[in-house]
Amino acid sequence: AQPASNEEISDGMGWVNLHFDIGALDALTECVRNIGPDVNIWSTLLVAAGCLAAAAAARYVAHSVVLPLWKKRKGQEMGEEDGFPFPCWELKVVDMEFMGVAEAIGFAVGSECSEFAGTAYAAVPLVMLPFLALAYILHLGTKYHCVYERSEGTIASRFW
């Protein structure tokens, strides 16, 4: 039995992009009652903030409570290298949240609801500032830490 359309395949998968129907938001404005959870940017932002807070709290507990107890039980002491290196969970959370929030911004801008569109336009810097900061950090890294060394020969000779 083949699905009839793409919508049939993705039906019920809105949770992947942080689209949840939060009943407490229904009373805020008429737009929330008339438009589905895929377009409701407020619920998506609330769920994204909740996921980020939960991930940060879980990392803090694991790093500050669980890991020291585990090391102590094994008879070892916590060292500088123990714990979670920086991009351990942060990149996965940013990737997950970026996809959900970016899609919600796109849906909200195209919606009939001016409250959602206004929130979406205000959230664009929230999405773009981390990438601009990353681009600036990469620029500083390449400017001060990378040295160009001219290679002799053809481009093919670099690989063979």
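Residues numbered from 1 in each chain as written. Predicted model: local features only at pLDDT ≥ 70, side-chain atom pairs only at ≥ 80, totals over all residues. Heavy atoms only, no water.

Looking only at helices and strands, one finds five helices and zero strands in the protein chain. Start at the N end of the protein chain and walk to the C end: the helices and strands fall as α-α-α-α-α. The 160 residues of the protein chain split such that 21% are buried. Of all intrachain contacts in the protein chain linking residues separated by at least 6 positions in sequence, the fraction that spans at least 24 positions is 60%. As displayed, the protein chain has an accessible area near 11,900 Å², and 64% of this comes from carbon and sulfur atoms. (Helix = DSSP H or I, 4+ residues; strand = E, 2+ residues; numbered from the N terminus. Buried < 20%, exposed > 50% of the residue type's maximum accessible area, 1.4 Å probe, protein only. Contact = heavy atoms within 4.5 Å. Areas by Shrake-Rupley, 256 points an atom, 1.4 Å probe, with all protein chains shown as cover.)

What follows is about the nonpolar core. Counting 15 residues, the largest nonpolar core has Ile41, Val101, Ile105, Ala108, Phe116 and Ala120 as the members making the most contacts within it. For this core, the secondary-structure elements that each account for two or more residues are helix 2 (30–34), helix 3 (41–73), helix 4 (90–109) and helix 5 (114–145). With sequence-adjacent residues up to four places away left out, isoleucine 41 is seen in contact with Ala104, Ile105, Ala108, Phe116, Thr119 and Ala120. (Core = buried A, V, L, I, M, F, W, Y, C linked by side-chain atoms within 4.5 Å.)

Given 3.6 residues per turn, any residue in an α-helix points the same way as the ones three and four places further on. End to end, helix 5 covers 47 Å across 32 residues, agreeing with the expected 46 Å (1.5 Å per residue, within 8%). Taken as a whole, helix 5 carries its principal kink of about 30° at methionine 128; the proline proline 130 stands between one and four residues after it. The set of residues buried in helix 5 consists of Phe116, Ala117, Thr119, Ala120, Ala123 and Val127. (Expected span 1.5 Å × (residues − 1). Bend = angle between axes of the 7 residues up to and from the residue.)

With that settled, the discussion passes to the environment of leucine 52. Positionally, leucine 52 belongs in helix 3. Owing to a relative accessible area of 40%, leucine 52 belongs among the partly exposed residues under this scheme. Expressed as a C-alpha distance, the spacing of leucine 52 and glutamate 97, which sit 45 residues apart in the sequence, is 8.3 Å.

Another point: the packing of helix 3 against helix 5. Two elements in contact, helix 3 and helix 5, have axes separated by 9 Å at closest approach and are oriented at 35°. Each of Ile41, Trp42 and Leu45 in helix 3 lies in contact with helix 5, whose residues at this interface are Glu115, Phe116, Thr119, Ala120 and Leu126. Looking at the contact of helix 3 with helix 5 residue by residue, the classes come out as six nonpolar, one polar and one charged. (Axes fitted to C-alpha atoms, helices over the stretch in contact; angles between N-to-C directions. Nonpolar A, V, L, I, M, F, W, Y, C, P; charged D, E, K, R; others polar.)

A surface patch of nonpolar side chains, amounting to about 920 Å² of accessible area, comprises Val94, Val109, Tyr121, Val124, Met128, Leu129, Phe131, Leu132, Leu134 and Leu138. Of the residues forming the nonpolar patch, the biggest block, eight residues, is contributed by helix 5. (Patch = residues over 30% accessible without salt bridge, like charges linked within 9 Å, V, L, I, M, F, W, Y side chains within 5 Å. Salt bridge = Lys/Arg side-chain N within 4 Å of Asp/Glu carboxyl O.)

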